Structures are given as C-alpha cells and as structure tokens.
Amino acid sequence: MTYGAGRWLGALHQKEQALLAGTPRENRPAVKKRGVRVRRRVLTAALCLNFLTLAVYKYLNWLLGATGLPFRPLELLVPLGLSFYIFQTAGYLIDVYRGKLAAERNFLRYLLFASYFPQMVQGPIHRYGELAPQLFAEHRLQAENLRDGIELMLWGMLKKVLIADTLAAPVAELYGNYAAYPGLIVFLGAALYCLQLYCDFSGGIDIVRGVSELFGIRLGENFRRPYFAQSIDDFWRRWHISLGEWMKDYLFYPLALSKWLPRLCKPLRKHLGKRVGKLLVPSVATVVVFLAVGVWQGPGLQNIAYGLWNGLLMSAAMLCAPFFKKREGRAMQVFRILRTCFLVTIGRFFSRAESLSAAWGMLRHCATHLLQALPRGVWTSFGLSAGGYVTVLLAGLVLFCVSLQQERGVRVRTALAAMVVVVLMSYAQLTSISADVVSMQKELKTLDAEHVALLTQYERTFDLETVKAAAVAAGMNKPSSSQINYIDLSAPDSVELCEAQNVSVLSRVFTSLGQGVFSVVEYFS
C-alpha cells in the first residue's frame, strides 16, 4: 500500500512540475496550490490507512475494553516490528510528498528498505535517503566490517544478557509485589528498571547494528549514554534518537509552524508577555509530541500519563529557562545529572506499571513507607543468587567506565571487545557454578538421617577416601568430593551449604577473570 501511495505521490509531483514549467509566472501559485492540495489528500489517506493498521493490532482490544461493553477480545497475531516499519514507511511517504526524494519505482528495492531484517524488530527508524544508498550499493566482505560488527555485538550482549536479563526477575518482583517492600527498595526497583530497559533496548540495538556492519551497512546510533544527560531535553536527545528525530521532523515542526496552533495560543500570549509568549507554541507542540510518544509505547492510561509527564517537564523547563541562570562547575553538572535521573525514574513508575492506579499506588507507597525497616532476607527475595549480584555489579562497572570514557570523547572499541570477552567468560563460569550449587542443594536434601550421622562422625575431616568408603559401606551412593567439601559437618541436626560457598564462588569468579584477562591480552597482542 505504501509503495503504491509513494508512486502516486511521485507521479503527482512530476505532473505538477511539468505544469509549472509551462505556466506563466503569475499563474504558478494557483497551480502549485492545487497540486499541493491533491497530494495532501493522497498523503492523508495513505497515512490514515498506515496508522489505522497499527491501531487495530495494538489498541483495538484496549479501546473496546475501555468502553465497558462486553466483547470477545480479538486474537490477532501482531507482525514483528509493526510500529517500526510503519513509522519508517510513513516518513518515506512524507518525504516524497515534500519533494525531498523521488519515489522508488522498483518494488523489490522498496521492500528491502521497508523490511531490512536487522532493524525490523527494534529499529532504529531510518530515512530512505540515508539507508537506501547503502542497501543498493555493492558490498564486499571486509575484515574491518567483521571486526567492527563483532565488537558491537559483544558490547550489546554484555548489556542485554548480563545486565538486562539478570535484572528482569527482581524488577518484575518489585513492580508486581511492591506493597511487601519498603518505599526505598521500591524506588530502587524503579531505578533498576531504568537500567534494565536501557541495557535491553540499547543492547539489542547494538547487536542489530553489529549484524548490519558485518554486511558493510552502518545503521545510526540510537542511544548516546542517556543517563549522563543534564536535563530532560538532553535525555531525549540521547534516548531513542531515531524516534526523537522522526517526531521532531514529522510532528513537532508541522505543529509549531502551522497556522492554527499560533492562532489558538494567541489569547494566552497577551497575558504571559512576549518573553514567555513566544515559547508557548513550541511548548504546546512538545506536549502533543510526547503524548504521541506515550501512545506509541502501548495501550493504557499509564502510557498516556508517561507521555504527559515528559512533555510537561520539557515544556516547563522551556518556559522557565529565561528566569534561571545556568551555573557551571563539576558539582553542578553532577547535581543536574542526578536530578535528571530522578525525574526519569519517576516517569518509569508509569511506563512499567500494569495500570495507572498501580503506578499511583507505587508512588504513594514510596512516599508513605520510604524509611520503613528492611524485612529479614529482603536481598534474597528478588530471585538473584550471589552470582547474579556479582554479574550485575561487574558488568555494570564495565558499562559505567566505558560510558564515562566515551562521554569524554575517548574511542573505546578494541579494548571494549577485550573487556566484554573477559566478562562473558566470567559469566559462563558463574552460570556453571550456580548450576553446580543448585544441583548440590537438591542432592543434599535427599540424604537421610543415617547418612548425616555417618558423615558427622568425621568432623571437619578432609580424608575424602575414608568418607566415601564409609558411605558406600552404609549403602549410600558414592558422593562426589565437591559435595563433601560443601557439607557443614559441624551441624549434626541439618545438612546445609556452608557460608563459605559464597567465598568459593567469588574466588572462582575472580580466578576466571584473571585467566580471561591473560587470554585476551595474549590474543590482542
């Protein structure tokens, strides 16, 4: 449909140019106005059909449910990456309508642009004029492309696998069962969700960009260290960059430069004065844009509230900017970064909650139970093992250090791949250790009292052969040496894993880290 609409718009534009060439100068405005009116109708019809498809798949069931009428939910199979390629093809149609590019006549080439496989699911959203020349050019296998692509994929795996996937369980627990935790822990959960969402989204984008670079096609950067932003405006220039650029070019500017919006704001401008009045139109356009961003995120009043939260914050900052003098200094920069992170975290209460009432409930719980005493065993109730905490801390430290260097303008690529290899090796070691510990716990619970008594008579013995022989003589399956080492023989009434197992886990992790460092240094040298 968008291919046909693009061809139609292109043909109308060519016809208009031909008419203008043969028309006297004084009659050209009328011809141009008539041509624009026809093209606008075609564009409007195409965009309505385009976004109506998105609305049916993503919002129809929610809209029917909001009416309160009984209905049977439609079981629709949503195409992968529907919203991304609808936005991408919509941008193509608008550019053809504006005359910025000629309509693509080859259907297969247009299909390649609309459904280029690496970016279909998560983006980034590209313009035809940026992506098409790379797609249609000749490419050869190059070592540089392979190196850059693998480095980006490794970096994306560190963020997505080691951080985002590890934090998924505690974030789900804190959002789903927030009333059982103190307000400070719930707020920490929202902050962890900020980190998880960033690592999941940007990590996936890095993997996508890395796969594309293997073929010599370089996709645009979609995240630029957003948590180093010093304002909400700066944050949105760094977060989901391609969506922000799309909204700016195809929604913000048409609204701000339209005739009806300034006319609508004119009565308020008289009362607010010239200084604030001239910022009123862009402020209203900003709120509308972020309302659209909230709706784009998904159905639900909580997403609309999320969009309004960001739009009102940016509009308030825009309106208040003339009255505040920006102070410089390292301390003020750190303060502005922390302030921005706090405001972003408040917004994430809405974007992750299941409903608007749940989001308000979490915020109210944080305010009324902020300093509530921590319940016993709170750190073990998130579904994270000791290895999980170590994994997040280690990978998070690498992410912070690399992002800090990149923020300072340092190019970190080859060294980055080396660090990722080290962390991935440690993660594999941690996974193996965790599986061994879980398996050992299950086996130890099957030991009966007779076997426990047999083992406890050899208190703190390290004569493994003697213990094994006695166990076999008693009819017990031959235990492994790792099982005997982990059994607490000083407790005759129970068989538990020693507290020393955590120390053993950490020692094995850092041993693997050391081995990884040496192997990586040897490889890159």
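Structural data are supplied above this passage.
Since this is a predicted model, take the numbers as computed values, not measurements. (Residues numbered from 1 in each chain as written. Predicted model: local features only at pLDDT ≥ 70, side-chain atom pairs only at ≥ 80, totals over all residues. Heavy atoms only, no water.)

When its secondary structure is counted, the protein chain shows 20 helices and zero strands. Looking at the 525 residues of the protein chain, the share that counts as buried comes to 44%. Considering only contacts in the protein chain between residues 6 or more positions apart, those separated by 24 or more positions represent 74%. A total accessible area of about 28,800 Å² is found for the protein chain, and carbon and sulfur atoms account for 63% of it. (Helix = DSSP H or I, 4+ residues; strand = E, 2+ residues; numbered from the N terminus. Buried < 20%, exposed > 50% of the residue type's maximum accessible area, 1.4 Å probe, protein only. Contact = heavy atoms within 4.5 Å. Areas by Shrake-Rupley, 256 points an atom, 1.4 Å probe, with all protein chains shown as cover.)

Here the focus is a nonpolar patch on the surface. Residues Met1, Leu49, Leu52, Val56, Tyr57, Leu74, Leu76 and Val78 make up a contiguous nonpolar surface patch of about 670 Å² in total accessible area. With respect to the helices and strands, Leu52 occurs in helix H2 (residues 28-66). The partly exposed category is assigned to Leu52, whose relative accessible area is 48%. (Patch = residues over 30% accessible without salt bridge, like charges linked within 9 Å, V, L, I, M, F, W, Y side chains within 5 Å. Salt bridge = Lys/Arg side-chain N within 4 Å of Asp/Glu carboxyl O.)

Another aspect to go through is the nonpolar core. Residues Phe87, Tyr92, Leu93, Trp236, Trp239 and Phe349 are the most contacted members of the largest nonpolar core, which totals 98 residues. Here this core takes 11 residues from helix H7 (residues 183-214), the largest share from any one element. Ignoring anything within four residues of it in the chain, the contact list for Trp236 reads Phe290, Val293, Tyr306, Asn310 and Met314. (Core = buried A, V, L, I, M, F, W, Y, C linked by side-chain atoms within 4.5 Å.)

Right, let's talk about the packing of helix H11 (residues 280-297) against helix H12 (residues 301-320) for a bit. One can describe the packing of H11 onto H12 by two numbers: an axis separation of 7 Å at closest approach and a directional angle of 160°. In terms of orientation, H11 lies roughly antiparallel with respect to H12. In this structure, H11 meets H12 at a crossing whose hand is right-handed. Along its contact with H11, which presents Leu280, Pro282, Ser283, Thr286, Val287, Phe290, Leu291, Gly294, Val295 and Gln297, the element H12 presents Asn303, Ile304, Tyr306, Gly307, Leu308, Asn310, Gly311, Leu312, Met314, Ser315, Met318 and Leu319. (Axes fitted to C-alpha atoms, helices over the stretch in contact; angles between N-to-C directions. Parallel < 35°, antiparallel > 145°, perpendicular 65-115°, else oblique. Left-handed = near helix turned anticlockwise from the far one by under 90°.)

This part takes up the pattern of salt bridges. Evaluation of the coordinates by the stated rule reveals 16 salt bridges. One salt bridge in this structure joins Glu407 and Arg238, with 2.8 Å as the shortest N-O distance. Highlighted residues: Glu407 in helix H15 (residues 386-407) and Arg238 in helix H8 (residues 232-238), separated in sequence by 169 residues. By relative accessible area, which is 30% here, Glu407 ends up partly exposed. Here Glu245 makes a salt bridge to Lys248, at a shortest N to O gap of 3.2 Å.

What follows covers the side chain of Thr286. Note that Thr286 resides in helix H11. When near neighbours in sequence (up to four residues on either side) are disregarded, Thr286 contacts Phe252, Gly311, Met314, Ser315 and Met318.

Where H7 contacts helix H14 (residues 356-368), the axes come no closer than 7 Å and their chain directions differ by 135°. Judged on the interaxial angle alone, H14 and H7 are oblique. Contact residues: Gly183, Val186 and Phe187 in H7; Met362, His365 and Cys366 in H14. Taken together, the residues that form the contact of H7 with H14 break down as four nonpolar, two polar and no charged. (Nonpolar A, V, L, I, M, F, W, Y, C, P; charged D, E, K, R; others polar.)

A surface patch of like charges, here positive, comprises Lys33, Arg34, Arg37, Arg40, Arg41, Lys259 and Arg263. At five residues, H2 tops the list of elements feeding residues into the positive patch. Relative to the helices and strands, Arg41 resides in helix H2. A relative accessible area of 57% means that Arg41 is categorised as exposed. (Lys, Arg positive; Asp, Glu negative; His and termini not counted. Charge placed at Lys NZ, Arg CZ, Asp CG, Glu CD.)

In this section: the packing of aromatic side chains. Aromatic ring pairs are described here by two measures, namely the spacing of the ring centres and the angle between the planes. Scanning all chains against the criterion turns up 30 aromatic pairs. For the pair Phe51 and Phe87, a centre-to-centre distance of 5.7 Å together with 85° between the ring planes defines the contact as edge-to-face. Taken together, the residues Phe51 in helix H2 and Phe87 in helix H3 (residues 82-98) connect sequence positions 36 residues apart. Using a relative accessible area of 29% as the deciding quantity, one classes Phe51 as partly exposed. Given a relative accessible area of 4%, Phe87 falls into the buried group. These aromatic residues form a ring-pair network of at least three members: Tyr198, Phe201, Phe223, Tyr227, Phe235, Trp236, Trp239 and Phe290. (Phe/Tyr/Trp six-rings, centres within 6.5 Å; stacked < 30°, edge-to-face > 60°.)

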